[in-house]
Amino acid sequence: MHKISKEAFENASLYLSNSSDSYTTGFTPVRISVNGTDYETGYQKLKNAVRKVLGEPKPLRIVFTKDTMQIFDIKNEVIKTEAIPKFSYMQIGLIRTIGMLAGLPQYYYGLAIIIEVNSKQYYFLNAKYKVFDELKQLMKENNVNFEDPFVLTKMPEDLEKEYKYFETQFNTLASAAGYPQQLNTVSGNKSKLWI
């Protein structure tokens, strides 16, 4: 199991910067598409309206096909293409943040997706858990080493059981994998916008 650099967590942001390569230095929110299926959470029109009010751009988009990964910028132009068979590994872990729900603090969990290609790492965040199975299968088809430090293959389908699984397993698994107990990214008083 590869250890993820401390800097990737320290440079993480729940919000986008104007830097189109922020995903190479820290975890960055992205929208993901695998073989034509989009994995996004929530109501995109509402999220886009909130982003506009907050002055935040749309997130980057990552498109996986049967053998390539393309990264699209906020203008929907391809800025990077990588061949999946050239990946050294893909690791999908969990990142925990704290947010507010009905005025009360609550933990939120998102997928931390790490990809290494030619000794270069990409760090992506996405909250749509169903993409886990699709990416795992895609890596298997391309003979890429797939790492699951949080044993997400055992994650329950039921949302309530899923949250309980995270709550009971996260501290132990995060410590063993070298992940922080909580991601501390604060950007003014902005609301949390998981992708």
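Our subject is the structure listed above.
Below is a short write-up of the structure. (Residues numbered from 1 in each chain as written. Predicted model: local features only at pLDDT ≥ 70, side-chain atom pairs only at ≥ 80, totals over all residues. Heavy atoms only, no water.)

## A word on the overall build of the chain
Move 1: Secondary structure summary: the chain contains four helices and nine strands in total.
Move 2: Going from N to C terminus, the chain has its helices and strands arranged as α-β-β-α-β-β-β-β-β-β-α-β-α.
Move 3: Surface exposure of the chain reaches about 10300 Å², of which carbon and sulfur atoms provide 50%. (Helix = DSSP H or I, 4+ residues; strand = E, 2+ residues; numbered from the N terminus. Areas by Shrake-Rupley, 256 points an atom, 1.4 Å probe, with all protein chains shown as cover.)

## What to know about helix 4 (residues 159-177)
Move 1: The sharpest bend along helix 4 reaches about 50° and sits at Phe170.
Move 2: Among all positions in helix 4, only Glu162, Tyr165, Phe166, Phe170, Leu173, Ala174 and Ala177 are buried.
Move 3: Positive backbone phi, at 80°, marks Gly178, one or two positions downstream of helix 4. (Bend = angle between axes of the 7 residues up to and from the residue. Buried < 20%, exposed > 50% of the residue type's maximum accessible area, 1.4 Å probe, protein only.)

## Considering the pattern of salt bridges
Move 1: Taken as a whole and assessed by the stated rule, the structure comprises two salt bridges.
Move 2: When the shortest N-O distance is used, the salt bridge between Glu10 and Lys6 registers 4.0 Å. Residue Glu10 and its partner Lys6 are both found in helix 1 (residues 6-10); the two are separated by four residues, about one turn of the helix.
Move 3: Exposure remark for Lys6: the relative accessible area of 59% places this residue in the exposed category.
Move 4: Between Lys80 and Glu82 there is a salt bridge, with its nearest N and O atoms 3.9 Å apart. (Salt bridge = Lys/Arg side-chain N within 4 Å of Asp/Glu carboxyl O.)

## Digging into the nonpolar core
Move 1: Membership of the largest hydrophobic core comes to 52 residues, with the highest contact counts inside it found for Phe27, Phe64, Phe87, Met90, Ile115 and Phe124.
Move 2: Among all residues touching Met90, those that are not within four sequence positions of it are Phe64, Ile113, Ile114, Ile115, Leu135, Met139, Val144, Asn145, Phe146 and Glu147. (Core = buried A, V, L, I, M, F, W, Y, C linked by side-chain atoms within 4.5 Å. Contact = heavy atoms within 4.5 Å.)

## Regarding the side chain of Arg61
Move 1: Of note, Arg61 is situated in strand 3 (residues 60-64).
Move 2: Look at Arg61: it is buried, it has no salt bridge, and the nearest opposite charge is Asp38 at 5.3 Å.
Move 3: Here the side chain of Arg61 touches Asn76 through a polar contact of 2.8 Å, side chain to side chain.
Move 4: What Arg61 contacts, discounting residues up to four positions off in sequence, is Arg31, Gln70, Ile71, Phe72 and Asn76. (Lys, Arg positive; Asp, Glu negative; His and termini not counted. Polar contact = N/O pair within 3.5 Å; in protein donor to acceptor, adjacent residues only side chain to side chain.)

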